[in-house]
Amino acid sequence: MYKIELSANPEKLKARFLALKKPEDIAELLEVSYKDFVYWIYRTPEKYRYVSFTIPKKHGTPRYIDAPNNNIKILQQKLNYILQIVFSPKYCVHGFTNGRSVVTNARKHVGRRYVLNIDLKDFFPSIHFGRVRGMFMGKPYNLPSKVATFLAHLCCYKKVLPQGAPTSPVISNMICAKMDSELQRLAASNRCSYTRYADDISFSTSKHSFPSALATINDLGQVEVGKELVRIITENGFQIHPEKIWLRRKDRRQEVTGIIVNERTNLPRKFTNNIRAMLHAWEKYGLESAQKHFEEKFDKKHRAPWKKKPRFQDVLKGKIEYLGMVKGKESSTYLRFLDQLGRLAPKLTGGRGTPQDLLFRRYQALLKSDDPQGRGYLLQSLLHDVFTFLNVTIEKSFTRNRNGEQIDGAFIFEGWHYIVECRWREKVSDIRQVDGLLGQVLRSGKQTMGVFFSINGWSQNVPTLLKQNPSKSIILMHGDDFHALLSQKISLDKLLKGKISELNLKSEPFISAEEIIKKDDT
C-alpha cells in the first residue's frame, strides 16, 4: 500500500508536473512504480475500478456517484494535491478552493437590488475524456499527448469526470477557467458581480434594472436568460438547467448557495429552529432518545453504502458551527447555541472558553447588533441564560390577567419575587416605562419587587421620581452593571444585595456595580 503523502516540496512538484514528458514521469511524480500505475488505470477490469451508487437529490432525481477503489483513490489524491499547487483559480471561483466556501461565495452578493442564480445541467458528466485530455495538452500546461492521455484516464471513468473522485473538483475548475474569464468580463461590462460555486452561477447588481444581456422577465413572469450569457455557457460545453433559474429583487428573499443575502449572510429560520429543536430534545429526553428520534424523523440524508450514520451530537455541533460560519462567530445566536451545547457536552466545545466566557461574548455580540427589535428579544434570552447559569430560578417572558399583561421575565431571590422589565432603545428610558413596571409590581403579591433593566440607562428625573414613591419597590439596573456581572467583576448575589440595601436604607433606586465593588473593598 502506497502512502498518500508526497515527499517532494510544492515548488518541486509544480516544476516536475510541468516538465512531464512521458507516462513513466507521471508514475515517478506520484511516487509509485510504473508497473502498478499502468495496472491500476488500464489493466484492472472496469467493474473493479469504481463502486457506483445513487443518492437522491433534493427533488428526488438520482445523483450518480462513482467512488474509486483504494489504489486509484490514492493516485487521484496525490494528483489532486499537485493540481491544487499548479492551478490557481480566479477570485470569482469559490467551490473546491482552499480558503473559500459557500459563505465567501454568498458574501459577494449581499445587499444587491437583483440576484440571478443559474445551475449548470449535468455538470460533471458534461466534462468528458476528450475535454480533460485537451485541457492538459493546451495552454498553460502544454503536456505531450501521451502524458495527457494517461492523466485523463486516471481522472475519468466511463469516458467522463466521475462525481466521487478526488480529482474531479479541481479538474472541473481547470476546465471552467476559460468560461469564468468570459463570464467575469460579461458581468463587469454590465456592472454586475459574478461568482461560481461548482455548477451554481450567480450574478448580482444594484442597477435600477437588471441587464438584459444576462436575463429578462417575460410577460408570463418567467426568467429568460440573455443570449450572450447562453452563448458563453454553451460554447464552453455546458448547458443551463431550465428548471433552476431564479432572478430575485431585494424585496423578496434572495439566496446564493443556500444562504440568504438580502442584508447580510444569514440562514433560513427553519435551519435555526432545527438546531433549537435538537438541543431541546437532547436536554429534555436524553442523548439516546434524541438520536433515535432524529434518525426516524429527520435523518433523510442518503450516504455511501459503507458509511455509518453520524452521531447525533456531531450532527448538532456541525450545524451550530455552520451557523457560526454564516452569521459570524460573534453572533449572539451562535454563542447561545454553543453555550447550550457546552452545558450538555463540555468536551464538544473544548477550547471555546468557560460557559461564563461564552455568555459574555454573547453580550458583546449584542452590543454590535444593528437590529433594535431582534436584539431586545435576544437580550431577554441572554438574561434568562445568565440567571440559569448562576442557579437563580427565572421564568421567561409570559402573560397574565387573561393575556392583558406582558411580563418580560421574573426570578426569585432570597424568598422575594422580582419582575423584570428589559429595555434596549437608542433613547434613554423615561418615567413612563418605569411606571409600567411599577403597575405590574403593585398588581402582584406583597413579596414582589421590580428590576428595571435598561442597557442605555434612563433620564435624570427617573431616580428622583422613584424616590418619591412610597412603595420603594423598583431597583434600576444599567448596561454597565450587566457588563460587570458577565465579566465576573461582581457576583449576582453581591450585585442584587447591594442594590436592595441602597434602596431599603437610603431610598436610592440605583447604585452602580462599580460603587458596590468600591464599598466592598473599603
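The structure we're discussing is the one just above.
Residues numbered from 1 in each chain as written. Predicted model: local features only at pLDDT ≥ 70, side-chain atom pairs only at ≥ 80, totals over all residues. Heavy atoms only, no water.

Caption draft 1: A look at the packing of helix H14 (residues 312-327) against helix H15 (residues 332-344). Contact geometry for H14 and H15: axes closest at 9 Å, N-to-C directions at 160 degrees. The pairing of H14 with H15 is recorded here as roughly antiparallel in orientation. The two elements H14 and H15 cross, and the hand of that crossing is left-handed. For the pair H14 and H15, the contacting residues are Leu-316, Lys-317, Ile-320, Glu-321, Leu-323, Gly-324 and Lys-327 in the first and Thr-333, Tyr-334, Phe-337, Leu-338 and Leu-341 in the second. Its residues assigned to classes, the contact of H14 with H15 shows 7 nonpolar, 2 polar and 3 charged. (Axes fitted to C-alpha atoms, helices over the stretch in contact; angles between N-to-C directions. Helix = DSSP H or I, 4+ residues; strand = E, 2+ residues; numbered from the N terminus. Parallel < 35°, antiparallel > 145°, perpendicular 65-115°, else oblique. Left-handed = near helix turned anticlockwise from the far one by under 90°. Contact = heavy atoms within 4.5 Å. Nonpolar A, V, L, I, M, F, W, Y, C, P; charged D, E, K, R; others polar.)

Caption draft 2: Summary view of the sheet that holds strand S17 (residues 474-478). Taken together, the 5 strands give an open sheet; going across it, the order is S11-S14-S15-S16-S17, and neighbouring strands pair in mixed fashion. Strands with a single pairing partner mark the edges of an open sheet, and in this sheet they are strand S11 (394-395) and S17. Bridge count between strand S16 (residues 448-454) and S17: 5 bridges; the pairing is parallel. Counterpart to Phe-452 in the pairing with S17 is Leu-476. Here helix H18 (residues 431-442) sits on the sheet in contact with strand S15 (416-423), S16 and S17, set at roughly 155 degrees to S16. (Pairing = 2+ DSSP bridges.)

Caption draft 3: A look at the nonpolar core. Grouped together as the largest cluster of nonpolar side chains are 71 residues, with contacts concentrated most on Phe-17, Phe-37, Leu-116, Phe-136, Ile-171, Phe-203 and Leu-229. It is helix H8 (residues 145-155) that provides the largest number of residues to this core, a total of 7 residues. Inspection of this core shows a minimum of three residues originating in each of domain 1 (1-86 + 141-162) and domain 2 (88-124 + 164-262). Setting aside residues up to four positions removed in sequence, Phe-136 forms contacts with Phe-17, Leu-83, Tyr-141, Asn-142, Leu-143, Ala-148, Leu-151, Ile-171 and Met-174. Leu-359, Phe-360, Leu-486 and Ile-511 belong to the second-largest nonpolar core, a separate cluster that totals 36 residues. (Core = buried A, V, L, I, M, F, W, Y, C linked by side-chain atoms within 4.5 Å. Buried < 20%, exposed > 50% of the residue type's maximum accessible area, 1.4 Å probe, protein only. Domains from an automatic or database assignment.)

Caption draft 4: Structural detail: the environment of Gly-479. Tracing the chain through its elements places Gly-479 in helix H20 (residues 479-486). Apart from residues lying up to four places away in sequence, Gly-479 is in contact with Tyr-363, Phe-453, Ser-454 and Ile-455.

Caption draft 5: Summary view of the pattern of salt bridges. Enumeration over the complete set of coordinates arrives at 21 salt bridges. Across the pair Asp-314 and Arg-311 runs a salt bridge, and its minimum N-O distance is 2.8 Å. When its relative accessible area of 35% is taken as the criterion, Asp-314 is described as partly exposed. With a closest N to O distance of 2.8 Å, Glu-405 and Arg-400 form a salt bridge. Via salt bridges that share partners, Glu-228, Arg-231 and Glu-235 belong to a single interconnected network. (Salt bridge = Lys/Arg side-chain N within 4 Å of Asp/Glu carboxyl O.)

Caption draft 6: Just the packing of aromatic side chains, in detail. This model, assessed by the stated rule, comprises 18 aromatic pairs. Look at Tyr-194 and Phe-203: their rings are 5.2 Å apart centre to centre, the planes differ by 35 degrees, and that puts the pair in the tilted class. The same class applies to Tyr-194 and to Phe-203, which are both buried. Taken together, Phe-96, Phe-123, Phe-124, Tyr-197 and Phe-238 form an aromatic cluster joined through their ring pairs. Sitting above the plane of the Phe-238 ring, Arg-131 keeps its charged end 4.7 Å from the centroid. Its end group placed over the ring of Phe-129, Lys-159 keeps NZ or CZ at 5.0 Å from the ring centre. (Phe/Tyr/Trp six-rings, centres within 6.5 Å; stacked < 30°, edge-to-face > 60°. Lys NZ or Arg CZ within 6 Å of the ring centre and 35° of its normal.)

Caption draft 7: Geometry of the side chain of Ser-202. Position of Ser-202 among the secondary structure elements: in strand S5 (residues 200-205). In terms of polar contacts, Ser-202 uses its side chain to reach the side chain of Asn-117, at 3.0 Å. Ignoring any residue separated from it by four or fewer positions in sequence, one finds Ser-202 in contact with His-109, Leu-116, Asn-117, Ser-193, Tyr-194, Thr-195 and Val-256. (Polar contact = N/O pair within 3.5 Å; in protein donor to acceptor, adjacent residues only side chain to side chain.)

Caption draft 8: Geometry of unusual backbone geometry. Looking along the chain, the bond that leaves Lys-139 and enters Pro-140 is cis, with omega of 5 degrees. You can see Pro-140 is positioned in the loop between helix H7 (129-137) and H8. Even without a glycine there, the phi angle at Glu-31 is positive, about 60 degrees. Relative to the helices and strands, Glu-31 is located in the loop between helix H2 (23-29) and helix H3 (34-43). Residue class for Glu-31 comes out partly exposed when judged on its relative accessible area of 28%. In this structure, Ser-507 is a non-glycine residue whose phi angle is positive, near 60 degrees. By the secondary structure assignment, Ser-507 is in the loop between helix H21 (492-506) and helix H22 (513-521).

Everything listed is a geometric property; what it means functionally is a separate question.
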